[in-house]
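A look at the structure
If you want the building blocks of each chain, they are given just below.
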Amino acid sequence: MANLIDPTVTRDAEGPAVKPSGEDRWMNEATRELASAVATLRDGEEALRFLRDLCTVNELREFAARWEVARLLDAGTSYHEISERTRASSATISRVNQWLRYGRDGYRLVLDRQARSRRRRR
């Protein structure tokens, strides 16, 4: 159950309050609900409609830039070329690369699905 004062604190039904540490601090009931909402989207058009209602234009541009960096890194493009093509900072490229290589495999999951989808369409 979430704590009303601090939603990152959860209480096990039988134990004391537990505050997630490190990486898991972002996870709470609202985050899970958002992920569940995203999972209901049927296609790219629905996703665009939802994202536009949810995010500011700048947030959408940032998401799109990170996604482009991930795609270019996956294709073996150098940091220098990625920076030239996307205008992303070396810090952003490095952070995306860290998540691509050592994250929770979210980038990998979608990159692989898109690659399989492109192969099927050929």
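Per-chain numbering applies: the sequence of each chain, read as written, is numbered from 1 onward. It should be noted that, the model being predicted, local features are given only for residues of pLDDT at least 70 and side-chain atom pairs only at 80 or more, the latter also being counted only at that level, while totals for whole chains, interfaces and linings use all residues. Hydrogens and water molecules were not included; the side-chain quantities draw on all heavy atoms of the structure.

This brings us to the overall build of the protein chain. Across its full length, the protein chain carries six helices and two strands. Each helix and strand of the protein chain, ordered N terminal to C terminal, gives the series β-β-α-α-α-α-α-α. Relative accessibility thresholds used throughout: buried, under 20% of the residue-type maximum; exposed, over 50%; partly exposed, between the two (1.4 Å probe, protein chains only). Burial statistics for the protein chain: of 122 residues in total, 15% are counted as buried. Look at the contacts in the protein chain between residues 6 or more apart in sequence, and 32% of them connect residues 24 or more apart. Residue exposure ignores everything except the shown protein chains as possible cover, and the areas themselves are Shrake-Rupley values with a 1.4 Å probe. A total accessible area of about 9700 Å² is found for the protein chain, and carbon and sulfur atoms account for 52% of it. Labels follow the DSSP assignment, with helices taken as runs of H or I lasting at least four residues and strands as runs of E lasting at least two, numbered in each case from the N terminus. Contacts: residue pairs with any heavy atoms within 4.5 Å of one another.

Let us now look at the confidence of the model for the protein chain. By definition, pLDDT measures how confident the predictor is in each residue, and it falls between 0 and 100. On average, the protein chain scores 87 in pLDDT, and the residues at 70 or more come to 81%. Mean pLDDT across the elements of the protein chain bottoms out in strand β1 (residues 10–11) (48) and peaks in helix α2 (residues 44–54) (98).

Let's shift gears to the packing of aromatic side chains. Classification of ring pairs uses Phe, Tyr and Trp, with its six-membered ring standing for Trp, and accepts pairs whose centres are within 6.5 Å; under 30 degrees between planes counts as stacked, over 60 as edge-to-face, and the remaining range as tilted. Enumeration over the complete set of coordinates arrives at one aromatic pair. For the pair Trp-67 and Tyr-107, a centre-to-centre distance of 6.1 Å together with 20° between the ring planes defines the contact as stacked. Taken together, the residues span a long stretch of sequence, with Trp-67 in helix α3 (residues 57–74) and Tyr-107 in helix α6 (residues 106–121) at a distance of 40 residues. Taking the relative accessible area as the measure of exposure, Tyr-107 reaches 21% and is therefore partly exposed.

So, about the packing of α3 against helix α5 (residues 90–102). In this description, a line fitted to the C-alpha atoms serves as the axis of each element, helices being fitted only across the stretch in contact, and the angle between N-to-C directions of two axes falls anywhere from 0 to 180 degrees. In contact at an axis separation of 9 Å, α3 and α5 are set at 65° when each is read in the N-to-C sense. The angle between the axes of α3 and α5 places the two elements in the roughly perpendicular class. For the element pair α3 and α5, the recorded crossing hand is right-handed. The segment α3 lies against α5, with Arg-66, Val-69, Ala-70, Leu-73 and Asp-74 engaging Thr-92, Ile-93, Val-96, Asn-97 and Leu-100. Residues are grouped as follows: Ala, Val, Leu, Ile, Met, Phe, Trp, Tyr, Cys and Pro are nonpolar; Asp, Glu, Lys and Arg are charged; every other residue, Gly included, is polar. Tallied by class, the residues present in the contact of α3 with α5 amount to six nonpolar, two polar and two charged. Roughly parallel means an angle under 35 degrees; roughly antiparallel, over 145; roughly perpendicular, 65 to 115; everything else is oblique. Helix crossings get a hand from a simple test, with the near helix turned counterclockwise from the far one by less than a right angle marking a left-handed crossing and a clockwise turn marking a right-handed one.

Expected helix span is taken as 1.5 Å per residue step, with the number of steps being one fewer than the number of residues. Spanning 18 residues, α3 covers 26 Å between terminal C-alpha atoms, matching the ideal 26 Å at 1.5 Å per step. Here α3 has its buried residues at Val-69, Ala-70, Leu-72 and Leu-73. Angularly, the buried residues of α3 cover 165° about the axis, an arc narrow enough to put them on a single face. Along its buried surface, α3 packs onto α4 (79–86), α5 and α6. This arc is built from the directions going out from the helix axis to the C-beta atoms.

Attention shifts here to the environment of Ala-37. Mapped onto the fold, Ala-37 is located in helix α1 (residues 29–39). Sequence separation between Ala-37 and Phe-50 is 13 residues; the distance between their C-alpha atoms is 9.3 Å.

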